[in-house]
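Coordinate inspection notes
So the chains spell out like this:
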Amino acid sequence: MEGLPFDYDVDALILAILEGYISTDNLPRGLYLKIAEHLNKGVDKGLGDIVRSNYAPDKLLQAEMRNNIYMFSGAKTYQQVRDMSQILAGGTDIATFKQVREAATKVFKTYNVTYLQTEYDTAIGMAQNARKWNDFERDKANFDLLEYDAVMDSNTSDICRPLDGIRLPVDHPFWNTHSPLNHFNCRCFLRKVIDKMPTNEKKVQAVSEKVTPKMQDVFKMNPGKDRIVFSDKHPYFDVAPKDRERQKDNFGLPKPPKP
């Protein structure tokens, strides 16, 4: 399949769903592992040299971000199997099978080409910013403030444009929910500054009231402090009530290997 970042037999998956071997009660482990491995390559790329660090906070960051990716990949696998199953359930006769097969294949491509590319880029960006946050915490005695730095051009979002130039201490609660990335394809970052004044609290409040309603809940966090790529507010984690208990154990899928 064009654009798919790993080898996978989509027709075999469709057949397994039709025959009942694969369902939301029995997710395809092979697909799950390929998704998780691909996204974790993004995490490791974003973390850079700290993947080989012996510094305890760096090792903890890598381990927890990778664990988050495995839980996310389990939920992603669940959602696409559910969607494909619903489509295939309507194609039990020969006349309609070709149509539902094409529709199910399109769902697979949407999840594993279109969505997965954005998720991979997000994994890189979140890991980069988490790595920076570990450095901020380690070095905060040697600088005064963090400054929000947005790339200002015609593509700058209505979220990031007002945030540009906000300067606050590392421990300010504003960074708990407004640290980059603040939306998909966000290009912003935080940087250390010295010998500058912090932003007036009234302005901070005004900016927060302006941009927070525009942000998706999944981005209202700090990847470095929370040590995650995707929060539990992501729609993938919204599973059927009957499956919530199984979700806690990642639907019985393999646990992440130790880094």
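Throughout what follows, the structure given in this document is the object of discussion. All of these numbers come straight from a predicted model, not from anything done at the bench. (Residues numbered from 1 in each chain as written. Predicted model: local features only at pLDDT ≥ 70, side-chain atom pairs only at ≥ 80, totals over all residues. Heavy atoms only, no water.)

**Digging into the overall build of the chain**
- For the chain, the count of helices and strands is nine helices and three strands.
- Ordered by position from N to C terminus, the α and β elements of the chain give α-α-α-α-β-α-β-α-β-α-α-α.
- A burial count over the chain gives 47% of its 259 residues as buried.
- Counting contacts in the chain only where the partners sit at least 6 residues apart, residues at least 24 apart contribute 79% of the total.
- Accessible area of the chain: about 13200 Å², with a carbon and sulfur share of 51%. (Helix = DSSP H or I, 4+ residues; strand = E, 2+ residues; numbered from the N terminus. Buried < 20%, exposed > 50% of the residue type's maximum accessible area, 1.4 Å probe, protein only. Contact = heavy atoms within 4.5 Å. Areas by Shrake-Rupley, 256 points an atom, 1.4 Å probe, with all protein chains shown as cover.)

**Some remarks on the packing of aromatic side chains**
- Applying the stated rule across the entire model yields twelve aromatic pairs.
- With a centroid separation of 6.1 Å and 65 degrees between ring planes, the pair formed by Y32 and Y70 is classed as edge-to-face. With Y32 in helix α2 (residues 29-47) and Y70 in helix α3 (residues 56-88), this residue pair connects regions lying 38 residues apart in the sequence. One exposure class covers both Y32 and Y70, and it is buried. (Phe/Tyr/Trp six-rings, centres within 6.5 Å; stacked < 30°, edge-to-face > 60°.)

**What about the sheet that holds strand β2 (residues 167-168)?**
- Ordered by their spatial adjacency, three strands build an open sheet running β2-β1-β3, and the pairing between neighbours is antiparallel. Either end of the sheet is taken by a strand with one partner, and the two such strands are β2 and β3 (189-193).
- Of the pairings in the sheet, the one linking strand β1 (residues 145-149) to β2 comprises two bridges and is antiparallel in character. Looking across to β2, one finds that L146 is bridged to L168. (Pairing = 2+ DSSP bridges.)

**Focus: the nonpolar core**
- The biggest cluster of nonpolar side chains holds 73 residues, and the ones touching the most others in it are V43, M65, M84, L146, Y148, W175 and V229.
- The set of elements that each furnish at least two residues to this core consists of α1 (10-18), α2, α3, α4 (94-139), β1, α5 (160-163) and α7 (201-211).
- For this core, the leading source of residues is α4, giving 15 residues.
- Once you skip the residues sitting within four places of it in the chain, W175 turns out to touch W133, L146, Y148, I166, L168, P169, V170, L190 and N222. (Core = buried A, V, L, I, M, F, W, Y, C linked by side-chain atoms within 4.5 Å.)

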